[in-house]
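Here is what each chain is made of, one letter per residue.
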Amino acid sequence: MSAVLPERIAQARELQGLTKTEIATALGVSPAAVAQWESGVKSPTAENLALLAREVGFPIAAFQRVQPVGFSQPGPLSFRARSNATTRRANVRAEQLAKLVAESYVWLSERVALPLPNLPDVGAPGVSPEEAAQACRRAWNLGDRPILKLGELLESQGIIIARARLGNEKLDAFSCLVSSRPFVFLGSDKQDRARSRFDAAHELAHLILHQHYAERHLSDSEDHKELEQQANAFASAFLMPATTFGQEVFDTTLNGFLRLKERWGVSAQAMVVRSFQLQLIDEYRRTELFRQMSAKGWRKARGEPLDDLIPEVNSSVGKRSIELLTQGGVIHLWEIPNEIPFPNEVLHVAFNITPESLYDAVAPNVVLFPKA
Ligand SMILES: [Zn+2]
């Protein structure tokens, strides 16, 4: 049997959001034993490894899989909040998911020519988020019109978009650079489309403006708050350029904003904030509009009307690449779990491969026993 890698044990545990003590209890071993496995002092017995694999849903082959050469840690990850223990656990889980998805893309990029990352260098010190958003649009030849196919746009610039159940209400999206490839993870739970689009643009801001920041800047709460404000300002300016969006705001009632919602693909709330920032409405008007939106329940998740008119943030690079490989006969779908022996969740988030699709894709000359 190949050696079990200690870092994979920690990774499998953290992906499930479990503590060493919780794993130890589930397996009937001491927490110290789990700590020794993770530090490499001792290896688990074959029996304990099998139990562990089942407990964390990590195939045994994954514990033995060496990380690709030159695979660099993601970092720094941009998180919305990192205050309490539950949030920290969700963040650690998200980080491990990101690493495994990124590792799956290293495998993919050795077989398919993925779009090359093209993050414009527009985040020099002293440049405002407004200017950076404008410069980003120029660098990508976008003009100032609304961007409705946001997912397709980001993918064409080499940014991988993945949807994942992030499982924490404070964490609805995050981004990271792994081995120089940018990734944006969007939450798949309880989100409306307008929010998802804003999140994607917010994460784009982090990738462009904050990729050189050290982890400590992101842990300091004052700095973190400032970076969040910058990312929101960038997202707002990127989705609603002053020159074009600004000219279309003349009816500053809620109905007036709702009429612009489908065209711009942003929430009325985001339009109100942007209009205030562009001095199209005064503070009194903004407060009044927010009061009205609260009274109508628009500020709750999925509370605002007309969200279904907005396009989703689509991602298709991973899925299409796998189709290309399987249709071209380079690999069979059912061989992929051997090539990338990661949990089902990882293959689903990365490439939209479900266990059912693998079941359907068994080789035609294989006869399945009927299910009991
Ligand atoms: Zn952020």
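This is a predicted model, so every value here is computed, not measured. (Residues numbered from 1 in each chain as written. Predicted model: local features only at pLDDT ≥ 70, side-chain atom pairs only at ≥ 80, totals over all residues.)

Draft legend 1. Broad picture of the overall build of the protein chain. When helices and strands are counted, the protein chain shows 19 helices and three strands. For 372 residues, the compact-globule estimate of 2.2 N^0.38 gives 21 Å, and the C-alpha radius of gyration of the protein chain, at 23 Å, lies within 12% of that figure. Sorting the 372 residues of the protein chain into buried and exposed places 35% on the buried side. Nonlocal contacts in the protein chain, meaning residues at least 24 apart in sequence, comprise 75% of its contacts between residues at least 6 apart. (Helix = DSSP H or I, 4+ residues; strand = E, 2+ residues; numbered from the N terminus. Rg over C-alpha atoms; globule rule 2.2 N^0.38 Å. Buried ≥ 20, exposed ≤ 12 C-beta atoms within 10 Å, placed from the backbone. Contact = placed C-beta atoms within 7 Å.)

Draft legend 2. Examining helix 7 (residues 129-139) more closely. Of all the residues in helix 7, the buried ones are Pro-129, Ala-132, Ala-133, Gln-134 and Cys-136. The secondary structure elements touched by the buried residues of helix 7 are helix 9 (193-209) and helix 11 (221-239).

Draft legend 3. The pairing of strand 1 (residues 160-164), seen in detail. For strand 1, the buried fraction is high: five of the five residues fall into the buried class. Looking at chain direction, strand 1 and strand 3 (residues 181-187) are connected through five bridges and run parallel. Its bridge partner being in strand 3, Ala-162 is matched across the sheet by Phe-185. (Pairing = 2+ DSSP bridges.)

Draft legend 4. Expanded view of the domain arrangement of the protein chain. The domains assigned to the protein chain are domain 1 (1-66), domain 2 (129-309) and domain 3 (317-360). Each of domain 1 and domain 3 was reduced to a C-alpha centroid, and the two centroids are 25 Å apart. (Domains from an automatic or database assignment.)

Draft legend 5. Seen up close, helix 13 (residues 254-264). Among the residues making up helix 13, those that are buried are Leu-254, Phe-257, Lys-261 and Trp-264. Along the axis of helix 13, the buried positions cluster into a sector of 95 degrees, meaning they face one direction only. Contacts made by the buried residues of helix 13 are with helix 11, helix 12 (242-248), helix 14 (268-277) and helix 15 (283-295). Residue Gly-265 follows helix 13 closely and has a positive phi angle near 70 degrees. (Arc of directions from axis to C-beta.)

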